[in-house]
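Per-entry structural report
For reference, the chains in residue letters:
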Amino acid sequence: MPEVHLNVEWPDGRNTVLYSPSTVILNYLQPGQSLAVAELTSRGTEALRLASERVRARYGFACTRTDEEERQLLHTAAAYADDQLVRISAQ
């Protein structure tokens, strides 16, 4: 499966990388998008869970790294207001 790494620029200029084991995340988050933090967390968690299920369908086990990516995404997002904007870019 092709991996995807997206750069997330947070409202204070901090940058983090969001990893997905599947390109399905690009159906939810696109480079060049600006989203509210709440929208990023909603779309991001849904995309990561779907990506993990795609791994399960192909290899017979879920991708545990997506669980960690989701935890990190939610933890980082908690430092910002839901309506603050983040920018997604390709890494």
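Everything here concerns the structure above.
Residues numbered from 1 in each chain as written. Predicted model: local features only at pLDDT ≥ 70, side-chain atom pairs only at ≥ 80, totals over all residues. Heavy atoms only, no water.

Quick look at the environment of Leu6
Within the secondary structure, Leu6 sits in strand β1 (residues 4-9). Spatially, the C-alpha atoms of Leu6 and Ala47 are 13 Å apart, while their sequence positions differ by 41 residues. Here Leu6 is in contact with Thr16, Val17, Leu18, Ile25, Leu26, Leu29, Pro31, Ile88 and Ser89, once residues within four sequence places are set aside. (Helix = DSSP H or I, 4+ residues; strand = E, 2+ residues; numbered from the N terminus. Contact = heavy atoms within 4.5 Å.)

Focus: the pairing of β1
Two strands pair when backbone bridges link them, and β1 and strand β2 (residues 15-20) are joined in this way by 6 bridges, in the antiparallel orientation. Bridging from a neighbouring strand, Asn7 pairs with Val17 of β2. Counted between consecutive antiparallel strands, the loop separating β1 from β2 contains 5 residues, among which Gly13 sits at a positive phi close to 95°. Of the pairings in the sheet, the one linking β1 to strand β4 (residues 85-90) comprises 4 bridges and is antiparallel in character. For Asn7, the partnering residue across the bridge sits in β4 and is Ser89. (Pairing = 2+ DSSP bridges.)

Comments concerning the sheet that holds β2
The strand order β2-β1-β4-β3 describes an open sheet built from 4 strands, whose pairing is antiparallel. Each edge of the open sheet carries a strand with a single partner, namely β2 and β3 (34-36). Each adjacent strand pair in this sheet contributes to an overall mean axis angle of 35°, direction not counted. Along the sheet face, helix α1 (residues 37-59) touches β1, β2, β3 and β4 and points at about 100° away from the line of β3. (Axes fitted to C-alpha atoms, helices over the stretch in contact; angles between N-to-C directions.)

So, the nonpolar core
One finds Val8, Trp10, Ile25, Leu29, Leu40 and Val86 to be the most contacted residues of the largest nonpolar core, which totals 20 residues. Mapped onto this core, the elements with two or more residues apiece are β1, α1, α2 (64-77) and β4. At 5 residues, the largest contribution of residues to this core is made by α1. Apart from the residues lying within four places of it in its own chain, the contact partners of Leu40 are Val8, Trp10, Leu29, Leu35, Thr45, Leu73, Val86 and Ile88. (Core = buried A, V, L, I, M, F, W, Y, C linked by side-chain atoms within 4.5 Å. Buried < 20%, exposed > 50% of the residue type's maximum accessible area, 1.4 Å probe, protein only.)

What about the packing of aromatic side chains?
Scanning the entire structure with this criterion turns up 2 aromatic pairs. Directly above the aromatic system of Tyr19 lies the positively charged group of Arg65, at a separation of 3.7 Å from the ring centroid. (Phe/Tyr/Trp six-rings, centres within 6.5 Å; stacked < 30°, edge-to-face > 60°. Lys NZ or Arg CZ within 6 Å of the ring centre and 35° of its normal.)

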